[in-house]
There are 2 protein chains.
Amino acid sequence: MFLSLRLSSHFLTVHRQTLNNSPFLIPFPRNCSIFSRRNPRTRAFYTKSLEQLHQDTFPLSGLEDALLGYITGKKKATELAHLIWQHIVQKGDNVVDATCGNGYDTLALLKMVADDTGKGRVYGMDIQNCALTNTSSLLDESVKSNEREIVELFHLCHSRMEEVIPEGIYLRLVVFNLGYLPGGDKAIITVPEKTSRALESACRLMGPGGLISVMVYVGHPGGREEYETIQDFASGLPAESWVCCKFEMLNRPLAPVLVLLFKK
Amino acid sequence: MFLSLRLSSHFLTVHRQTLNNSPFLIPFPRNCSIFSRRNPRTRAFYTKSLEQLHQDTFPLSGLEDALLGYITGKKKATELAHLIWQHIVQKGDNVVDATCGNGYDTLALLKMVADDTGKGRVYGMDIQNCALTNTSSLLDESVKSNEREIVELFHLCHSRMEEVIPEGIYLRLVVFNLGYLPGGDKAIITVPEKTSRALESACRLMGPGGLISVMVYVGHPGGREEYETIQDFASGLPAESWVCCKFEMLNRPLAPVLVLLFKK
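Predicted, not measured: the structure shown is a model, and the values here were computed from it.

Rules and cut-offs
Position numbers for residues count from 1 along each chain, tracking the sequence in the order it is written. Here every chain gets a letter starting at A, and every ligand a number starting at 1, in the order they are written. Given that this is a predicted model, residues contribute local features only at a pLDDT of at least 70 and side-chain atom pairs are listed and counted only at 80 or more, while totals for whole chains, interfaces and linings are drawn from all residues. Side-chain numbers here rest on the full set of heavy atoms in the structure, without hydrogens or water. Helix and strand assignments follow DSSP, with helices taken as H or I runs no shorter than four residues and strands as E runs no shorter than two, numbered in order from the N terminus. The buried label goes to any residue with under 20% of its type's maximum accessible area, the exposed label to any with over 50%, and the partly exposed label to all in between, with areas taken from a 1.4 Å probe on protein chains only. Two residues form a contact once any of their heavy atoms are found within 4.5 Å. For the area figures, the Shrake-Rupley method with a 1.4 Å probe applies, and any residue is considered shielded solely by the protein chains shown. Confidence of the predictor at the level of single residues is captured by pLDDT, which takes values from 0 to 100. What we call a nonpolar core is a set of buried Ala, Val, Leu, Ile, Met, Phe, Trp, Tyr and Cys residues that are connected through their side-chain atoms within 4.5 Å. Each reported salt bridge corresponds to a side-chain nitrogen of Lys or Arg within 4 Å of a carboxyl oxygen of Asp or Glu. Each axis is a line fitted through C-alpha atoms, and for a helix only the stretch in contact is used; angles between axes span 0 to 180 degrees, taken between their N-to-C directions. Small angles under 35 degrees read as roughly parallel and large ones over 145 as roughly antiparallel, with 65 to 115 read as roughly perpendicular and the rest as oblique. Definitions for this section: a left-handed crossing has its near helix turned counterclockwise from the far helix by less than a right angle. A right-handed crossing has that turn clockwise. In this classification, Asp, Glu, Lys and Arg are treated as charged, Ala, Val, Leu, Ile, Met, Phe, Trp, Tyr, Cys and Pro as nonpolar, and every other residue, Gly included, as polar. Pairing between two strands requires that DSSP report at least two bridges joining them.

### Some points on the overall build of chain A
Thought 1: When helices and strands are counted, chain A shows 10 helices and 10 strands.
Thought 2: Looking at chain A as a whole, 53% of its 264 residues qualify as buried.
Thought 3: Summarising the internal contacts of chain A: among those between residues at least 6 apart in sequence, 64% fall at separations of at least 24.
Thought 4: Entry remark: accessible area of chain A is about 12,300 Å², with carbon and sulfur atoms responsible for 51%.

Set out below in structure tokens:
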């Protein structure tokens, strides 16, 4: 469907491209000052289609841009992932950052769930103390104390997330950013066995309409094996209750792969 | 960024949430008939934010909806592909439907390139005569003759597309919908060798900023081999000039895979 606004001297015509393609007209006075001034900027604004207007108005706002950017090589899979999360997560939700790293995902998640009610929670964890220190610093610098309070950080392997999520809590989103800590010790990596257990936990904790988002890095030693494990895990989830898909670059073999597991 | 239109009795105020957040005002006459009539429908239309208006107007129109629908199992890869094409193709472009089938893609492409100038062209081909008959009938039923004229149909294998695209023409989009003709003879399928040659041709004909979109079906005999061929082809394209990615369902092994090759 397509809707355009056209301004003539008598009518504001709203065209809606449907099967019958019949415009409806809104009467408009001849002496209207929008016209009498003939302001080119105003006229351009009005003679544009709403679709074009939307494109001009929200040039970088949406998931559309992230997806097209991904397809055309201008945006990273991580940017696409963040925009997808924004459309899944609602204010007041419970979410998990299973691999805090330097805290950028934790901060993004905080912004998605925080509201005046203070109901939302971000459970963040990492096996490395320095990752938690970095995350905590980033949050302290970036948000006010009332927002900071809804994040709980744990020095914990992601495979043990069930130990810290309170009973009866259902999660809307669990994010994994696998591999090693950027800027940290590259020898410390997530490993297939633990990641597999973490995915099992995430599946048990997930509420209907929730998403597990896994960014898989394949460029480091062990990365390819971990990717295979995740792919096998996702392939084994029942199609009746899970939608599992992946977005992958084909001619950049070291680019991260985005695996998404959506619970119906 | 967020843009809202608010209509007061004197001004049409356009708010654009930017850093300075300063609205600009368009003078509006007090006696304007939009107001004097106090038509609730018209008023609702104007007092809504543009974003809300867009959501109401294009409830299912956007790439965002198609992507989220794909991730959550509510929309097919084919729907996502169509929305992606719409964002790549411009009016007046030259595009190819390399496998017309029953003509639905051909019709969608026609709508994307057709405008008053009549410059755009859709080159459609299929190796099966009945596919071309179906496509031609669909176009005749669906569009006016001036639009119908910009489609050229060829009884031809997709591997021979270079024989019918005029010299000096660069393409914006080439779409492949592989496998067998729905409703036709399932023994007649696209085969890896021909598809590989067709992809090579499409790459040669493609202009910068153009896309090759391949919907690969893996559920029929030979489908998996064809998929491997396409994946190998895409993986071999140089990352400097091509962005090649794929969207794939993991726990629905027979679901089609969308492979996209974008020329930088």
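What follows continues from the structure just given.
### Some thoughts on helix α4 (residues 63-71) of chain B
All names here are of chain B.
Thought 1: Burial within α4 is extensive, with 7 of its 9 residues counted as buried.
Thought 2: Here α4 has its buried residues at L63, A66, L67, L68, G69, Y70 and I71.
Thought 3: Count one or two residues on from α4 and you reach G73, which has phi positive near 80°.

### Thoughts on the confidence of the model for chain A
All names here are of chain A.
Thought 1: Residues of chain A with pLDDT of at least 70 account for 77%, and the chain-wide mean is 83.
Thought 2: Predicted confidence is poor over residues 1-60, with pLDDT under 50, and the contacts of this stretch with residues over four places away or in other chains come to 128 contacts.
Thought 3: Our summary of model confidence lists the complex with pTM equal to 0.79 and ipTM equal to 0.78.

### As for the nonpolar core
Thought 1: Counting residues in each nonpolar core, the largest one holds 80 residues, and the members touching the most others are I84(A), F247(A), I84(B) and F247(B).
Thought 2: When sequence neighbours within four positions are dropped, the list of residues in contact with I84(B) reads L67(A), I71(A), L63(B), L211(B), F247(B), L258(B) and L260(B).

### Considerations on the pattern of salt bridges
Side chains that differ in charge, positive against negative, can pair when their charged atoms come close.
Thought 1: Applying the stated rule across the entire model yields 18 salt bridges over all chains.
Thought 2: The closest approach of N and O atoms between E163(A) and R160(A), which form a salt bridge, is 2.9 Å.
Thought 3: For E163(A), a relative accessible area of 53% gives the class exposed.
Thought 4: Of the residues examined, R160(A) reaches a relative accessible area of 40% and is grouped as partly exposed.
Thought 5: For R121(B), the salt bridge is made with E152(B), and the minimal N-O distance between the two is 3.7 Å.

### Considering the packing of helix α6 (residues 104-113) of chain A against helix α7 (residues 129-142) of chain A
Residue and element names in this part refer to chain A.
Thought 1: Direction vectors running N to C along α6 and α7 enclose 40°, while the axes themselves pass 9 Å from each other. Here α6 is positioned oblique relative to α7, judged by the angle of their axes. Read as a crossing pair, α6 and α7 show a hand that is right-handed. Each of Y104, T106, L107 and L110 in α6 lies in contact with α7, whose residues at this interface are T135, L138, L139 and S142.
Thought 2: The class makeup of the residues in the contact of α6 with α7 is 5 nonpolar, 3 polar and no charged.

### With respect to the pairing of strand β10 (residues 257-263) of chain A
On a regular strand, one side chain projects to one face of the sheet and the next to the other, so that they alternate.
Residues and elements named next belong to chain A.
Thought 1: Of all 7 residues that make up β10, 6 are buried, and the element is covered over most of its length.
Thought 2: Two strands pair when backbone bridges link them, and strand β8 (residues 206-216) and β10 are joined in this way by 6 bridges, in the antiparallel orientation. Opposite L211, over in β10, you have F262 as the bridge partner.
Thought 3: Here 6 bridges tie strand β9 (residues 242-249) to β10, and the two strands are oriented antiparallel to one another.

### Here's the deal with the packing of helix α4 (residues 63-71) of chain A against helix α5 (residues 77-88) of chain A
Residue and element names in this part refer to chain A.
Thought 1: Interhelical geometry of α4 versus α5 gives an angle of 155° and a closest axis separation of 9 Å. In terms of their interaxial angle, α4 and α5 are classed as roughly antiparallel. Here α4 runs over α5; the crossing is left-handed. Residues L63, A66, L67 and Y70 of α4 touch α5, and the partners they reach there are A77, E79, L80, L83, I84 and H87.
Thought 2: For the contact of α4 with α5, the class distribution of residues is 8 nonpolar, 1 polar and 1 charged.

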